[in-house]
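Understanding the architecture of this molecule
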Amino acid sequence: MRVAVLTDIHSNLPGLEAVLESIDSAAPEQTWCLGDVVGYGAQPDECTALVREHCDLCLVGNHDLAVTGEIDTDVFSASAAAAVEWTRRTCSEETMGFLNSLKPESSDHEVGLYHASPRDPVWEYVLAIDQARECMEEQSARVSLIGHSHVALFFSDAGPQGSGGQAPGGHRLDLSEDRWLVNPGSAGQPRDGDPRVAWLELDTEAWTAAYHRVDYDIGRAADAIREAGLPDLLADRLSVGQ
């Protein structure tokens, strides 16, 4: 099965629209979202509506859980907390109901699906090989998909120490052997130095994956954040991919 995987949209409507247009061109059989539909950005209702329309599966992320009240904003940065509070005040009942219906992990497919990691589906940032190896030891599936860090990454347990690293746009993986932990990168707020939004094309028959990066109207997304009265930092960071 050919699957499009996206994550960490964070209410960035122009970014999500660009990713979905790119996905439509690839014509996968399914589209999966690994969570954090809202938070940071200024268009939560519009993004949630598109996820409901286009995604066959969606997980919940830590920002989604903060908006629904399941996570206290005391653990967030000041700008992230401000965005959570703003989203709570402004989002629709339909958006809130959808977020409340989601879980942070899924074992319904031949790949493991987690918002953050196999051993902590909500909070763990998997950024290093040693850490990833420990996570792979706990995952039930041979290949797992994660989000949360906003960095396009891949890890495998091949070799005595394992391997992994950042994945630029166009990078391809052969997942046919060994255990893997794969992060598509962010569809709304990349943090790997590339401001283009990201998604992953996964083939579970050939066991391959391809990373995609897509240009989008960053100015439009940043303007929406400023017009909503959210912290300028949330708008400024989009143009630098951090």
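Here's what I pulled together on the structure shown here. This is a predicted model, so every value here is computed, not measured.

Turning next to the pairing of strand β8 (residues 163–166). With 4 bridges connecting them, strand β7 (residues 153–156) and β8 associate as antiparallel partners. Of the residues in β8, the one forming a bridge with L153 is Q166. Where β7 hands over to β8, the hairpin turn is made up of 6 residues, of which G159 adopts a positive phi near 85 degrees.

Looking only at helix α6 (residues 129–138), the buried set comprises Q131, A132, C135 and M136. The arc that holds every buried residue of α6, seen down its axis, measures 140 degrees, which confines them to one face. In α6, the exposed positions angled more than 90 degrees off the buried face are occupied by D130 and E137. Contacts from the buried residues of α6 go to β7 and β10 (180–183).

A few words on the packing of helix α2 (residues 44–54) against helix α5 (residues 93–100). One can describe the packing of α2 onto α5 by two numbers: an axis separation of 9 Å at closest approach and a directional angle of 55 degrees. Considered as vectors, α2 and α5 are oriented oblique to each other. As for how α2 packs across α5, the hand of that crossing is left-handed. Of α5, the residues touching α2 (which contributes P44, D45, T48, V51 and R52) are E94, T95 and F98. Broken down by class, the residue content of the contact of α2 with α5 amounts to 3 nonpolar, 2 polar and 3 charged.

On to the side chain of Q43. Locating Q43 in the fold gives a position in the loop between β2 (30–33) and α2. Overall, Q43 belongs to the buried group, its relative accessible area being 16%. Aside from chain neighbours lying at most four places away, what touches Q43 is S11, L13, P14 and A224.

Conventions adopted
Residues numbered from 1 in each chain as written. Predicted model: local features only at pLDDT ≥ 70, side-chain atom pairs only at ≥ 80, totals over all residues. Heavy atoms only, no water. Pairing = 2+ DSSP bridges. Helix = DSSP H or I, 4+ residues; strand = E, 2+ residues; numbered from the N terminus. Buried < 20%, exposed > 50% of the residue type's maximum accessible area, 1.4 Å probe, protein only. Arc of directions from axis to C-beta. Contact = heavy atoms within 4.5 Å. Axes fitted to C-alpha atoms, helices over the stretch in contact; angles between N-to-C directions. Parallel < 35°, antiparallel > 145°, perpendicular 65-115°, else oblique. Left-handed = near helix turned anticlockwise from the far one by under 90°. Nonpolar A, V, L, I, M, F, W, Y, C, P; charged D, E, K, R; others polar.

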